[in-house]
Amino acid sequence: KQEVTQIPAALSVPEGENLVLNCSFTDSAIYNLQWFRQDPGKGLTSLLLIQSSQREQTSGRLNASLDKSSGRSTLYIAASQPGDSATYLCAVRPMNRDDKIIFGKGTRLHILP
Amino acid sequence: DGGITQSPKYLFRKEGQNVTLSCEQNLNHDAMYWYRQDPGQGLRLIYYSQIVNDFQKGDIAEGYSVSREKKESFPLTVTSAQKNPTAFYLCASRLSGGKTHDTQYFGPGTRLTVL
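None of the values given here were measured: they were computed from a predicted structure. (Residues numbered from 1 in each chain as written. Chains lettered and ligands numbered in written order. Predicted model: local features only at pLDDT ≥ 70, side-chain atom pairs only at ≥ 80, totals over all residues. Heavy atoms only, no water.)

Chemist: Which residues make up the overall build of chain B, and what values go with them?
Modeler: Looking only at helices and strands, chain B features 0 helices and 11 strands. When the helices and strands of chain B are placed in sequence order, the string is β-β-β-β-β-β-β-β-β-β-β. In terms of C-alpha radius of gyration, chain B reaches 13 Å, essentially the compact-globule figure of 13 Å for 115 residues. If one aligns the C-alpha atoms of chain B with their principal axes, the spans along those axes are about 40 × 30 × 25 Å. Considering chain B as a whole, with its 115 residues, one finds that 50% of them fall into the buried category. Sequence separation of 24 or more characterises 54% of the internal contacts of chain B that already satisfy a separation of 6 or more. As presented, chain B carries roughly 5600 Å² of accessible surface, and 48% of it is formed by carbon and sulfur atoms. Between the mean site of the 13 positive side-chain charges and the mean site of the 11 negative ones, chain B shows a separation of 5 Å. (Helix = DSSP H or I, 4+ residues; strand = E, 2+ residues; numbered from the N terminus. Rg over C-alpha atoms; globule rule 2.2 N^0.38 Å. Buried < 20%, exposed > 50% of the residue type's maximum accessible area, 1.4 Å probe, protein only. Contact = heavy atoms within 4.5 Å. Areas by Shrake-Rupley, 256 points an atom, 1.4 Å probe, with all protein chains shown as cover. Lys, Arg positive; Asp, Glu negative; His and termini not counted. Charge placed at Lys NZ, Arg CZ, Asp CG, Glu CD.)

Chemist: Which residues make up the sheet that holds strand β7 (residues 64–66) of chain B, and what values go with them?
Modeler: Residue and element names in this part refer to chain B. Taken in spatial order, the 4 strands make up an open sheet running β1-β3-β8-β7, and their pairing is antiparallel. Whereas interior strands pair on both sides, the edge strands pair on one side only; in this sheet they are β1 (4–7) and β7. Within this sheet the neighbouring strands show an average axis-to-axis angle of 20 degrees, counted without direction. (Pairing = 2+ DSSP bridges. Axes fitted to C-alpha atoms, helices over the stretch in contact; angles between N-to-C directions.)

Chemist: Summarise the state of the cysteines; cite the residues concerned and give the values.
Modeler: Enumeration over the complete set of coordinates arrives at 2 disulfides over all chains. Shown here is the disulfide that connects C23 of chain A with C90 of chain A, its sulfur atoms set 2.0 Å apart. Since a negative S-S torsion denotes a left-handed disulfide, the C23 of chain A-C90 of chain A link at about -65 degrees is left-handed. Placement of the pair is C23 of chain A in strand β3 (residues 19–25) and C90 of chain A in strand β9 (residues 86–94), with a sequence separation of 67 residues. You can call C23 of chain A buried: its relative accessible area is 2%. By relative accessible area, which is 0% here, C90 of chain A ends up buried. What pairs with C23 of chain B in a disulfide is C91 of chain B, and their sulfur atoms sit 1.9 Å apart. (Disulfide = S-S within 2.5 Å.)

Chemist: Which residues make up the layout of surface pockets, and what are the values?
Modeler: Any empty space left between the atoms is revealed when a probe the size of a water molecule rolls over them. Approximately 990 Å³ is the volume attributed to the largest pocket. Forming the boundary of the largest pocket are 41 residues, of which K105 of chain A together with G40, Q41, G42 and L43 of chain B lie nearest the centre. Mapped onto the lining of the largest pocket, the elements with two or more residues apiece are β1 (4–7), β9, β10 (102–103) and β11 (107–112) of chain A together with β4 (31–37), β5 (43–51), β9 (87–94) and β11 (110–114) of chain B. Here the residues of the lining of the largest pocket sort into 16 nonpolar, 15 polar and 10 charged. (1 Å grid on protein atoms, 1.4 Å probe; cavity = no way out; pocket = protein on both sides within 12 Å on 5 of 7 lines; lining within 4 Å. Points joined across faces, edges and corners; volume = space filled by probe spheres on them. Nonpolar A, V, L, I, M, F, W, Y, C, P; charged D, E, K, R; others polar.)

Chemist: I'd love a proper account of the interface of chain A and chain B, names of residues and values included.
Modeler: Across the boundary between the two partners, chain A contributes 20 residues, which contact 26 residues of chain B. Both sides of the chain A and chain B interface together cover about 1800 Å² of buried area, and 50% of this is carbon and sulfur. Our count for the chain A to chain B interface comes out at 1 salt bridge. K100 of chain A is paired through a salt bridge with D59 of chain B; the nearest N and O atoms lie 3.5 Å apart. (Buried area = accessible area lost by both parts, 1.4 Å probe. Salt bridge = Lys/Arg side-chain N within 4 Å of Asp/Glu carboxyl O.)

Chemist: Please provide a residue-by-residue account of the pairing of strand β7 (residues 62–67) of chain A, values included.
Modeler: Residue and element names in this part refer to chain A. Pairing of strand β6 (residues 56–59) with β7, which is carried by 4 bridges, proceeds in the antiparallel orientation. Note on β7: the bridge partner recorded for S59 is L62. Counting the residues in the hairpin turn of β7 and strand β8 (residues 72–77) gives 4 residues, including G71, whose phi is positive at 70 degrees.

Chemist: Give a detailed account of the nonpolar core, specifying residues and quantitative values.
Modeler: L33, W35, L75 and Y88 of chain A are the most contacted members of the largest nonpolar core, which totals 22 residues. Listed by contribution, the elements that provide at least two residues to this core are β3, β4 (30–38), β5 (44–51), β7, β8, β9 and β11 of chain A. Once residues within four sequence positions are removed from consideration, L33 of chain A is found in contact with C23, F25, L48, L49, I50, L66, S73, C90, A91 and V92 of chain A. Counting 20 residues, the second largest nonpolar core, distinct from the first, contains L11, V19, Y89 and L112 of chain B. (Core = buried A, V, L, I, M, F, W, Y, C linked by side-chain atoms within 4.5 Å.)

Chemist: Describe in detail a nonpolar patch on the surface, supporting the description with residues and values.
Modeler: Residue and element names in this part refer to chain B. On the surface, a cluster of nonpolar side chains totalling about 380 Å² of accessible area is made up of Y10, F12 and L115. When you line up the elements, L115 lands in the segment after β11. Judged by relative accessible area, which is 61%, L115 ranks as exposed. (Patch = residues over 30% accessible without salt bridge, like charges linked within 9 Å, V, L, I, M, F, W, Y side chains within 5 Å.)

See below:
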């Protein structure tokens with residue numbers, strides 16, 4: 001059974017610092033991995049989607065990497081800003097017939113002004 | 001504007017009542033999903049539908065029911081059989097349920113509270 005783990009559960013860093021969020025998954029048989037952002041009381045917004053054949057994706061100050069063989073992904077945020085404060089969720093789409101994605105519990109990020 | 005709408009934003013239910021949460025999308029997406037989110041938890045799949053007039057149970061379907069009579073709409077009913085329904089409910093859609101490379105788009109959510 002695929003499980004997705006995100007560590008740490010919460011993180012506070014001063015504004016301007018670079019930071020890394022971690023995601024691990026137990027079964028490497030995945031189609032893709034995705035990072036989402038969720039603001040309090042809101043829906044999810046897709047940040048980056050990495051196909052299983054890819055190693056990384058970049059969007060602005062965000063860079064996500066994927067090491068499928070080791071079951072790990074990282075989300076790198078450069079030059080953090082207070083507006084980056086949110087919960088970041090990692091999700092994988094397993095290689096099975098079911099149309100499902102499996103979510104981690106998220107990392108709650110707080111950028112200190 | 002294209003997107004997914006959920007209504008109401010907040011919903012209060014008395015014990016023993018059924019309530020229906022609305023989800024509408026104008027993205028022309030084939031697949032639609034319902035998730036439940038509890039504090040500090042990831043999303044758990046309740047039901048999903050890949051095409052009109054067809055839907056499948058997710059991981060926590062007990063106490064919930066859905067219908068998919070129109071491509072644009074995927075309402076979720078929380079029945080009195082759901083013992084702990086207080087949660088944040090998120091609806092999502094995806095272009096095609098059969099493809100693997102596209103993302104899910106999420107609505108703004110409905111917060112359900114049982115009084």
